[in-house]
Amino acid sequence: MRIGESKLARLLGLGSFSAMSILRQAQDERDVGRGEWNGRIVRRGNRAAAADLDPLGEAMGAGGGWANPEFGAYYATSVPVYAAIKLRADAVSRPAVRLYRSGPEGSRLPVASGHPVHQLLERVNPWHTRGDLWQATEIYLNLWGQAFWALERDQEGRREIWPLRPDRVTVLPDRRSYVRGFVYRGRGGQPVAYTPDEMVWLRYFNPLEEYAGLSPLAPARMSVDMGGDGLRFNRNFLRNSAQPDFVLLTDAQLTDSEVEDFYSRWEARYRGPQNARRPAIANFIRDIRTLGLSHRDMDFIRGLRWSLEEVSRAYGVPKPLLADLERATFANINAAERIFWRNTIVPELRFLEEHLNRMLLPRLGYPDLSLEFDLGSIEAMQEDESSRVARQMQLLDRGVLTINEVRREHSLPEVPWGNEPAQR
């Protein structure tokens, strides 16, 4: 039996407003403003996705369980997680963004820096810089596997981009248009609705949930917790001697008050670094017997190193870049930087390019433009660029490539004399 929206809202404790109703209100306001109330064209979603939906999912959203708010706390409490994500966020924010327009015969023509898209990506909003936007995006992707850009307008009608916390955003699926919209719930629970053309949704593919991203932290969480547990145990061990090192044996049966009095006097005399190695005297003690596992036997350092290695694997950051310098040399650190950029950052930048070219530029009204990150100023990529140029020169000398083919690869306009192979 299909539950009505008002009844479903009451059952879910939403009063007279459900996520679907406030989104429908936002859609109506947008359509009236654009004159699209009647005859609006709606693209149908795929039939398989529609078969997976239910009234609860349509009203409340899908995929919320994957955006666990606890994931955000790891960035503030785990050194390996913070270091890996911060390194990736800093790297993603370094390259400049270039815009291109399709030219004749497949060439790409650079767009001037005064273009509105350039200005928007440089002046994101009154409170965020260009670097803030890219860092927030990468940090959100690495913590929750998805990021949301709200596209809004200021009082003068200028576009603004506002990155939103993914654990507070709900995706509303739809049987006809795949995604009906998005709802942001702030700290106080007040819902704010966004239509699909007011939001850019970037997410890592999740094979277990179609409407949620997969956080890199999800598979590494147990190892990160293991490292945190080891640190907490180590801290308590050093502060309070978390496990007794020995047992004192006596011939007499001590009462509870005598035992407590002994502990009080013992801690007053021997607890703390100022009393380390102070000789102990107890005239009623018959024998001293040490206990099983020592602090060394627990091997905390190996546990911490394993936790660091798991974070390195999950985030694609080589260990030398996470300050694991036990076997580091100048040569392998340079190699680690090149591997980091080639295997981790460049694919991440291509991922961002594809999503923004597909979702951001058409929403801004520029479907004919393409966005690309400029890697020419990245030191770790310059050696690969030099090798690529040298290879192209060899192919040019042997007549395998023409001048115009090479110029097209570098987004340069063709020349009239560049279609013939070089004469040897």
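The text that follows walks through the structure, step by step, so that each part is easy to find. (Residues numbered from 1 in each chain as written. Predicted model: local features only at pLDDT ≥ 70, side-chain atom pairs only at ≥ 80, totals over all residues. Heavy atoms only, no water.)

**A short note on the environment of E209**
Next, step 1: For E209, the location among the structural elements is in the loop between β8 (199–203) and α9 (217–240).
Next, step 2: Separated by 143 residues in the primary sequence, E209 and W66 have C-alpha atoms spaced 8.3 Å apart.
Next, step 3: Polar contacts involving the side chain of E209 include one to the main-chain amide nitrogen of Y211, which spans 3.0 Å. (Helix = DSSP H or I, 4+ residues; strand = E, 2+ residues; numbered from the N terminus. Polar contact = N/O pair within 3.5 Å; in protein donor to acceptor, adjacent residues only side chain to side chain.)

**Observations regarding the sheet that holds strand β1 (residues 96–102)**
Next, step 1: Read across the open sheet, the three strands follow the order β2-β1-β11; overall the sheet is antiparallel. If you trace the sheet from one side to the other, it starts and ends with β2 (108–110) and β11 (369–374), each paired once. Between one strand axis and the next, the sheet turns through 40° on average, direction left out of account.
Next, step 2: Pairing of β1 with β2, which is carried by three bridges, proceeds in the antiparallel orientation. Across the sheet, the residue bridging to S102 is R108, located in β2. (Pairing = 2+ DSSP bridges. Axes fitted to C-alpha atoms, helices over the stretch in contact; angles between N-to-C directions.)

**Regarding the pairing of strand β5 (residues 169–174)**
Next, step 1: The element β5 is largely enclosed, with a buried count of six among its six residues.
Next, step 2: Burial of the side chains of β5 extends over both faces: V169, V171 and P173 are buried on one face and T170, L172 and D174 on the other.
Next, step 3: Sheet topology places β5 next to strand β6 (residues 178–185); six bridges connect them, and they run antiparallel. Bridged to V171 within β6 is F182.
Next, step 4: Turn length for the β5-β6 hairpin, with the two strands adjacent in sequence and antiparallel, is three residues. (Buried < 20%, exposed > 50% of the residue type's maximum accessible area, 1.4 Å probe, protein only.)

**Section: the pattern of salt bridges**
Next, step 1: In this structure the tally under the stated criterion is 17 salt bridges.
Next, step 2: Salt-bridge contacts for D90 lead to K86; the nearest nitrogen and oxygen are separated by 2.9 Å. Placement of both D90 and K86 in helix α6 (residues 79–92) is noted, with a separation of four residues, approximately one turn of the helix.
Next, step 3: Between E379 and R94 there is a salt bridge whose closest N-O contact spans 2.8 Å. Here R94 lies in the loop between α6 and β1 and E379 lies in helix α14 (residues 379–397), a separation of 285 residues in the sequence.
Next, step 4: A residue is classified by how much of its surface remains accessible, and E379, at 51% relative accessible area, is exposed.
Next, step 5: Shared partners join several salt bridges into a network, and the residues in it are E309, E310, R313 and K319. (Salt bridge = Lys/Arg side-chain N within 4 Å of Asp/Glu carboxyl O.)

**So, the side chain of S215**
Next, step 1: Tracing the backbone through its elements, the reader meets S215 in the loop between β8 and α9.
Next, step 2: Non-local contacts of S215, meaning those with residues more than four positions away in its chain, are made with F71, N142, L143, W144 and G145. (Contact = heavy atoms within 4.5 Å.)

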